[in-house]
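Residue-level listing of the chains:
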Amino acid sequence: MEAHYQKYMLEFKRPSGTSRGVLTTKETWFIFIKEGANFGIGECGILRSLSIDDRADYEEKLKWACANISLGVETLWEALIEFPSIQFGLEQAFLSLKSENPFKLFDSVFIDGNAEIPINGLIWMGAEEFMKEQITEKMNAGFNCIKMKIGAIQFDNEFKLLSSIRGKFTEEKIELRVDANGAFSAEEAMGKLEKLATLKLHSIEQPIKQGNWDEMALLCKQTPLPIALDEELIGVFSVTKKRELLQTIQPQYIILKPSLVGGFRGSQEWISLCEELNIGWWVTSALESNIGLNAIAQWTATLNNPMPQGLGTGSLYTNNIESPLEVDGGALHYRNTINWDLSPLKL
């Protein structure tokens with residue numbers, strides 16, 4: 001068995017605004033494993049300034065993982081506990097290697113082309129007119145769940161945008177989610193939550209910065225609007241610490257990005273705790289290429305969570321890997337009539 005990795009720069013079709021600035025490119029890393037005639041591929045989707053493994057020794061750890069690939073996925077996963085995106089890439093690559101089809105990681109009616117995964121339509125941060133344009137596009141595309149990132153423009157203007165949607169569509173017609181990415185101060189958060197709650201939103205992600213457990217716990221206890229933890233989960237490695245976080249904060253939901261929380265195994269630990277503590281959850285991609293998105297979508301399909309998931313990022317890039325994944329009518333589909341094309345990777 002041998003392995004190697006390759007860096008790949010994904011290029012956005014248009015600049016995409018986040019709380020950490022405007023993105024025009026996004027680097028990712030692919031791990032390839034070969035054993036005899038078998039081939040496996042996985043994606044290590046690091047997010048600079050957000051991933052806990054955004055470290056100077058990241059590539060060194062990739063080299064080490066490839067040099068020690070014969071240790072197997074379980075041993076490597078344990079050894080790379082502080083590198084969740086590499087853990088996830090290795091999980092994918094080993095599943096891919098063992099499969100008759102290197103792109104079929106999990107059996108489900110989804111990958112057979114007989115089911116779809118409902119997803120939210122993502123509205124990126126930006127100027128008010130740009131956000132309006134995106135909202136119109138998502139409505140026309142048939143989405144019945146919209147997620148809007150807030151915190152880039154004046155809150156009152158963002159509230160007006162959300163009000164305009166709710167004025168046209170009831171909560172039964174359109175589910176509205178917002179993602180604050182920690183933009184609110186602890187002092188102002190409750191007032192903003194109360195105002196947003198008048199629009200009958202589904203939830204708000206990470207209203208205040210992660211790491212403020214006591215303040216977040218108070219918000220979750222008193223909130224008129226369900227709160228979902230996102231960034232709060234990053235860097236929490238042990239099951240004991242995960243349990244402590246959930247029991248302390250008691251959120252209404254958590255959001256799982258496998259690249260940021262230790263792949264399938266790390267995510268499943270969170271899910272098991274949530275089910276034990278009666279906390280809701282859903283899955284979101286973290287700007288991976290279609291390689292990583294494919295893995296996340298196939299795994300998510302096996303979980304039978306009926307909520308809209310955050311898996312609509314496959315069409316963001318000009319140079320993505322062509323795949324059977326396709327968004328249509330507010331849902332993600334696997335079109336078996338479309339072939340994978342790895343030629344951009346120059347294998």
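These numbers come from a predicted model, not from an experiment.

1. Observations regarding the packing of helix 3 (residues 84–98) against helix 10 (residues 263–277)
Packing of helix 3 against helix 10 leaves a shortest axis separation of 7 Å and a crossing angle of 110°. The orientation of helix 3 relative to helix 10 falls into the category roughly perpendicular. Two secondary-structure elements touch here, helix 3 through Pro84, Phe88, Glu91 and Leu95 and helix 10 through Gly263, Phe264 and Arg265. Of the residues in the contact of helix 3 with helix 10, the class split is 4 nonpolar, 1 polar and 2 charged.

2. Observations concerning the layout of surface pockets
With a probe scaled to a water molecule rolled over the atoms, the places where space remains empty come into view. Empty space within the second largest pocket amounts to approximately 180 Å³. Along the wall of the second largest pocket there are 14 residues; nearest its centre are Glu116, Ile117, Thr300, Ala301 and Asn304. Going through the elements one at a time, strand 4 (117–118) and helix 11 (290–303) are the ones with two or more residues in the lining of the second largest pocket.

3. Looking at the sheet that holds strand 4
With antiparallel pairing, the 3 strands of this open sheet are ordered in space as 4-13-12. Since the sheet does not close on itself, it has two edges, and those belong to strand 4 and strand 12 (325–328), each with one partner. Relative to strand 13 (residues 331–334), strand 4 is paired through 2 bridges, and the arrangement is antiparallel. In the strand pairing of strand 13, Pro118 is matched with Ala331.

4. Quick notes on helix 6 (residues 186–197)
Given a rise of 1.5 Å per residue, 12 residues ought to cover 16 Å, and the 17 Å separating the end C-alpha atoms of helix 6 matches this to within 8%. Those residues of helix 6 that fall on the buried side of the exposure criterion are Ala189, Met190, Lys192, Leu193 and Leu196.

5. Describing the UniProt feature "domain: Mandelate racemase/muconate lactonizing enzyme C-terminal" (unreviewed entry) in the chain
UniProt records the feature "domain: Mandelate racemase/muconate lactonizing enzyme C-terminal" (unreviewed entry) for residues 128–226 in the present numbering. In residues 128–226, the share of helix is 49% and the share of strand is 13%. The end C-alpha atoms are 25 Å apart.

About the criteria used
- Residues numbered from 1 in each chain as written.
- Predicted model: local features only at pLDDT ≥ 70, side-chain atom pairs only at ≥ 80, totals over all residues.
- Heavy atoms only, no water.
- Axes fitted to C-alpha atoms, helices over the stretch in contact; angles between N-to-C directions.
- Helix = DSSP H or I, 4+ residues; strand = E, 2+ residues; numbered from the N terminus.
- Parallel < 35°, antiparallel > 145°, perpendicular 65-115°, else oblique.
- Contact = heavy atoms within 4.5 Å.
- Nonpolar A, V, L, I, M, F, W, Y, C, P; charged D, E, K, R; others polar.
- 1 Å grid on protein atoms, 1.4 Å probe; cavity = no way out; pocket = protein on both sides within 12 Å on 5 of 7 lines; lining within 4 Å.
- Points joined across faces, edges and corners; volume = space filled by probe spheres on them.
- Pairing = 2+ DSSP bridges.
- Expected span 1.5 Å × (residues − 1).
- Buried < 20%, exposed > 50% of the residue type's maximum accessible area, 1.4 Å probe, protein only.
- UniProt positions renumbered as here; feature names shortened; annotations may be inferred.

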